[in-house]
Amino acid sequence: QVQLVESGGGLVQAGGSLRLSCAVSGRSVFSINAMGWYRQAPGKQRELVAQISSGGNTDYADSVKGRFTISGDIAKNTVYLQMNSLKSEDTAVYYCNLKTGIYGYWGQGTQVTVSS
């Protein structure tokens, strides 16, 4: 059983920072293509925030470029999201995601609330 465990969400004022962490519990996962973070705000679809590939390539949503940084060790099944200069529109549930060639796994989500 593969589980993604997220931590680091919370309540922060606009302009502040948070760091999200995600790690795999249970058995290790091999042949990972990418790990990343998605978010879903109330009434909106889930969207990609940032992703890092097994080769180290990163991809960001336009709305977070220059403010968020994704990092991690794919081989160790861990990924982080450093979020700076947070805005009220960043308020959402953030989900960790892991993709292999066959399967996709999701974490349970962690709430990020940015007060203005």
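As shown above, the structure is provided for reference.
Every chain begins its residue count from 1, and numbering advances along the sequence as written. Selection of residues for local features in this predicted model requires a pLDDT of at least 70, selection of side-chain atom pairs for listing and counting requires 80 or more, and totals for whole chains, interfaces and linings are taken over all residues. Heavy atoms from the whole structure form the basis of all side-chain values; hydrogens and water molecules are not counted.

**Points about unusual backbone geometry**
- Here the phi dihedral of S31 falls at roughly 55°; this positive angle occurs in a residue that is not glycine.
- What counts as a helix is a DSSP run of H or I of at least four residues, what counts as a strand is a run of E of at least two, and both are numbered from the N terminus. Its place among the elements puts S31 in the loop between β3 (18-26) and β4 (32-40).
- With a phi close to 60°, N77 is a non-glycine residue in the positive phi region.
- Its place among the elements puts N77 in the loop between β7 (68-73) and β8 (78-83).

**Observations concerning the sheet that holds β7**
- Sheet architecture is open: 4 strands sit in the order β1-β3-β8-β7, paired in antiparallel fashion. The sheet terminates laterally at β1 (2-7) and β7, the two strands that pair on one side only. Pairwise comparison of adjacent strand axes, ignoring direction, gives a mean angle of 15° for this sheet.
- Strand pairing follows a simple DSSP-based rule, namely that at least 2 bridges must link the two strands. Pairing geometry for β7 and β8, over 6 bridges, is antiparallel. Looking across to β8, one finds that G72 is bridged to V79. To obtain each axis, a line is fitted to C-alpha atoms, and for helices this fit is confined to the stretch in contact; angles are then taken between N-to-C directions over 0 to 180 degrees.

**Some remarks on the pattern of salt bridges**
- One side-chain nitrogen of Lys or Arg within 4 Å of one carboxyl oxygen of Asp or Glu is enough to make a salt bridge. One pass over the structure, following the stated rule, counts 4 salt bridges.
- One salt bridge connects R39 with E47, and the closest N-O pair in it is separated by 2.8 Å.
- Exposure is judged per residue with a 1.4 Å probe applied to protein chains only, and the accessible area is read against the type maximum: over 50% gives exposed, under 20% gives buried, and values in between give partly exposed. R39 sits in the buried class, given a relative accessible area of 6%.
- With a closest N to O distance of 2.7 Å, D90 and R67 form a salt bridge. Taken as a pair, D90 in the loop between β8 and β9 (92-100) and R67 in the loop between β6 (58-60) and β7 lie far apart in primary sequence, 23 residues in all.

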